[in-house]
Amino acid sequence: MPVSSQVTSSGQDRPPAIDLHKVTKSFGHQVARRGVDLQVAAGEFLTLFGPNGAGKTTLIRIVASLARPNSGTVRLRGQDLGRSAIALRRDLGLISHRPLLYGDLTAEENLRFFARMYDLPQAPARVQAVLEQVGLLARRRDPVRGF
């Protein structure tokens, strides 16, 4: 797909919310995605479906900045994800069919890791507050694989 701006109903030019150009991702010799071109305008919905192993989760992880493509470009609202991942992560959310936690880390360590990854201000207080909110403060030092 050609890279271009989308025109909104208000007449203002806005870049696509998601813009992938020739994105490829491999795991060793196994190619999960090859040459993906995709544009999603702000306010549009996108559904990915296909058989197991088709690369749906891989593509979502790339857009969410949880995996890097081997080649190609990913832009979110016109910003290059490779150059602006930390800033863009603040506006991203992902709900997965699998937990995106590290089983060998504790609940507290997982939250501290993601707070650092997303550059959250006042991280220690926020980690404490979240653990209290979900009723895990007493288990904050337990590995999450046991939850």
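Refer to the structure presented above.
Criteria and cut-off values
- Residues numbered from 1 in each chain as written.
- Predicted model: local features only at pLDDT ≥ 70, side-chain atom pairs only at ≥ 80, totals over all residues.
- Heavy atoms only, no water.
- Axes fitted to C-alpha atoms, helices over the stretch in contact; angles between N-to-C directions.
- Helix = DSSP H or I, 4+ residues; strand = E, 2+ residues; numbered from the N terminus.
- Parallel < 35°, antiparallel > 145°, perpendicular 65-115°, else oblique.
- Left-handed = near helix turned anticlockwise from the far one by under 90°.
- Contact = heavy atoms within 4.5 Å.
- 1 Å grid on protein atoms, 1.4 Å probe; cavity = no way out; pocket = protein on both sides within 12 Å on 5 of 7 lines; lining within 4 Å.
- Points joined across faces, edges and corners; volume = space filled by probe spheres on them.
- Nonpolar A, V, L, I, M, F, W, Y, C, P; charged D, E, K, R; others polar.
- Patch = residues over 30% accessible without salt bridge, like charges linked within 9 Å, V, L, I, M, F, W, Y side chains within 5 Å.
- Areas by Shrake-Rupley, 256 points an atom, 1.4 Å probe, with all protein chains shown as cover.
- Salt bridge = Lys/Arg side-chain N within 4 Å of Asp/Glu carboxyl O.
- Buried < 20%, exposed > 50% of the residue type's maximum accessible area, 1.4 Å probe, protein only.
- Pairing = 2+ DSSP bridges.
- Phe/Tyr/Trp six-rings, centres within 6.5 Å; stacked < 30°, edge-to-face > 60°.

Chemist: Where do I start with the packing of helix 3 (residues 107-117) against helix 4 (residues 123-133) in this structure?
Modeler: Contact geometry for helix 3 and helix 4: axes closest at 10 Å, N-to-C directions at 135 degrees. Judged by the angle between their axes, helix 3 and helix 4 are oblique. Like other packed secondary-structure pairs, helix 3 and helix 4 cross with a definite hand, here right-handed. Between helix 3, through Ala107, Glu108, Leu111, Arg112 and Ala115, and helix 4, the contact on the second element is made entirely by Ala123, Val127, Val130 and Leu131.

Chemist: What am I meant to see in the layout of surface pockets here?
Modeler: Taking a probe equal in size to a water molecule and rolling it over the atoms shows the remaining empty space. There is about 710 Å³ of room inside the largest pocket. Along the walls of the largest pocket sit 24 residues, with Leu66, Leu100, Leu101, Phe114 and Tyr118 positioned nearest its centre. Among the elements of the structure, helix 3 and helix 4 are those that each provide at least two residues to the lining of the largest pocket. Of all the elements, helix 3 adds the most residues to the lining of the largest pocket, at 5 residues. Of the residues belonging to the lining of the largest pocket, the class tally is 18 nonpolar, 2 polar and 4 charged.

Chemist: Can you walk me through a nonpolar patch on the surface in this structure?
Modeler: Judged by side-chain polarity, Leu46, Leu48, Ile60, Leu94 and Leu100 come together as a nonpolar surface patch covering roughly 360 Å² of accessible area. Within the element layout of this structure, Leu94 appears in the loop between helix 2 (81-89) and helix 3. Judged by relative accessible area, which is 34%, Leu94 ranks as partly exposed.

Chemist: Where do I start with unusual backbone geometry in this structure?
Modeler: For residues that are not glycine, phi is negative in most cases, and the peptide bond is trans in most cases. Phi at Ser65 takes a positive value of approximately 65 degrees, unusual for a residue other than glycine. Assignment of secondary structure puts Ser65 in the loop between helix 1 (56-63) and strand 5 (71-76). The phi dihedral of Arg77 falls on the positive side, at around 50 degrees, and the residue is not glycine. Positionally, Arg77 belongs in the loop between strand 5 and strand 6 (79-80).

Chemist: Would you mind showing me how to read the pairing of strand 4 (residues 30-40) here?
Modeler: As a general feature of sheets, a regular strand has side chains that alternate between the two faces. Relative to strand 4, strand 3 (residues 18-27) is paired through 7 bridges, and the arrangement is antiparallel. Residue pairing for strand 4: Leu20 is matched across the bridge by Leu38. Connecting strand 3 to the next strand, strand 4, in antiparallel fashion are 2 residues, including Gly28 with a positive phi near 65 degrees.

Chemist: Please explain the packing of aromatic side chains as it appears in this structure.
Modeler: Each pair of aromatic rings is reported with the distance of its centres and the angle of its planes. If you walk through the whole model with that rule in mind, you get 3 aromatic pairs. Ring geometry for Tyr102 and Phe113: centres 5.5 Å apart, planes at 85 degrees, overall edge-to-face. Placement of the pair is Tyr102 in the loop between helix 2 and helix 3 and Phe113 in helix 3, with a sequence separation of 11 residues. Look at Phe113 and you get partly exposed, because its relative accessible area is 28%. Where Phe113 meets Phe114, the ring centres are 5.0 Å apart and the plane angle is 80 degrees; that geometry is what we call edge-to-face. Every member of this aromatic cluster is reached through a ring pair, and the members are Tyr102, Phe113 and Phe114.

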